[in-house]
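Listed below are the residues making up each chain.
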Amino acid sequence: MKQFSKDIIILMMIIGGIANATQAQNFHVVDVNKSRDANPTNNTLWYPNNNTGINVYDWGHADTYYAILNGIAYFSANDGTHGAELWRSDGTEKGTYMIKDINPGTASSNIIDITISGGKIFFSANNGVNVQEIWITDGTAQDTQPVIDFGVVGSVNPSYLTDVNGVLYFFTDNSYYGFQASQLWKTDGTSVGTVMIADFYNSAGFIYGSQGRQITNVNGNVFFSMSNFGYATELGFSDGTTAGTIILNSI
């Protein structure tokens, strides 16, 4: 009887091991890059330092979860042929593929901050011709396009894309002032609905504001951090209007 019980336990362990091995094998969806690491990610960590122009690691904005909409995950990946571009996956091999080669050829389009807002998919990208811009996609190549044309010169670098009650907020860093000055924007996904809320270089009440960071939704309002003259970093607030955007009392 004891031997029978022992045999049953051993059999259960073998079955359990086979089941675990099967689950581990099924977990792998697709080998995006067969020769090297495809680095599938939603990169929200690297941003240009306004004073040096060198990318720095932002520990305070470390949300690297994939953007999920209607059961589809959106991320950046490099297949070794097209550079790092926009991909999607529904968890199956057939449903995992590159959406669009935004920067054609082997160059990467520097996709960061893939964010769901108002049922739309937004991200920041560079097509190799224009500056880094805000893009929108419905998951198809033909409808993956820039929201607004920021031009071909200057350093715009849309960053900190954040959903605030269905509206996308983001910062840009514009270098045509002689240094990278921050601007706060919002968009509904259309060109006409993409507006600058505050220019922290030359708007009333703002002087040489740079390094706009950490956009946070608090009950439909926006809190953020802003550096003045590149030195002291203070707390900012916006209700989505120019008049309602202020730098709070100096901390």
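Quick look at the structure, then. (Residues numbered from 1 in each chain as written. Predicted model: local features only at pLDDT ≥ 70, side-chain atom pairs only at ≥ 80, totals over all residues. Heavy atoms only, no water.)

1. As for the overall build of the protein chain
At step 1: Along the protein chain, the regular secondary structure elements total 1 helix and 18 strands.
At step 2: Put simply, 39% of the contacts in the protein chain that link residues at least 6 apart link residues at least 24 apart.
At step 3: Of the roughly 13200 Å² of accessible surface on the protein chain, a fraction of 57% belongs to carbon and sulfur atoms. (Helix = DSSP H or I, 4+ residues; strand = E, 2+ residues; numbered from the N terminus. Contact = heavy atoms within 4.5 Å. Areas by Shrake-Rupley, 256 points an atom, 1.4 Å probe, with all protein chains shown as cover.)

2. Quick notes on the pairing of strand β7 (residues 112-117)
A regular strand carries its side chains on alternate faces of the sheet.
At step 1: Extensive coverage of β7 is indicated by the burial of 5 of its 6 residues.
At step 2: Examined bridge by bridge, β7 and strand β8 (residues 120-125) share 4 bridges and lie antiparallel to one another. Bridging from a neighbouring strand, isoleucine 116 pairs with isoleucine 121 of β8.
At step 3: As consecutive antiparallel partners, β7 and β8 are separated by 2 residues, and within that stretch glycine 118 has a phi angle of approximately 60°, a positive value. (Buried < 20%, exposed > 50% of the residue type's maximum accessible area, 1.4 Å probe, protein only. Pairing = 2+ DSSP bridges.)

3. With respect to the environment of alanine 198
At step 1: Relative to the helices and strands, alanine 198 resides in strand β14 (residues 195-199).
At step 2: Alanine 198 sits in the buried class, given a relative accessible area of 1%.
At step 3: It is 9.7 Å that separates the C-alpha atoms of alanine 198 and phenylalanine 171, two residues lying 27 residues apart in sequence.

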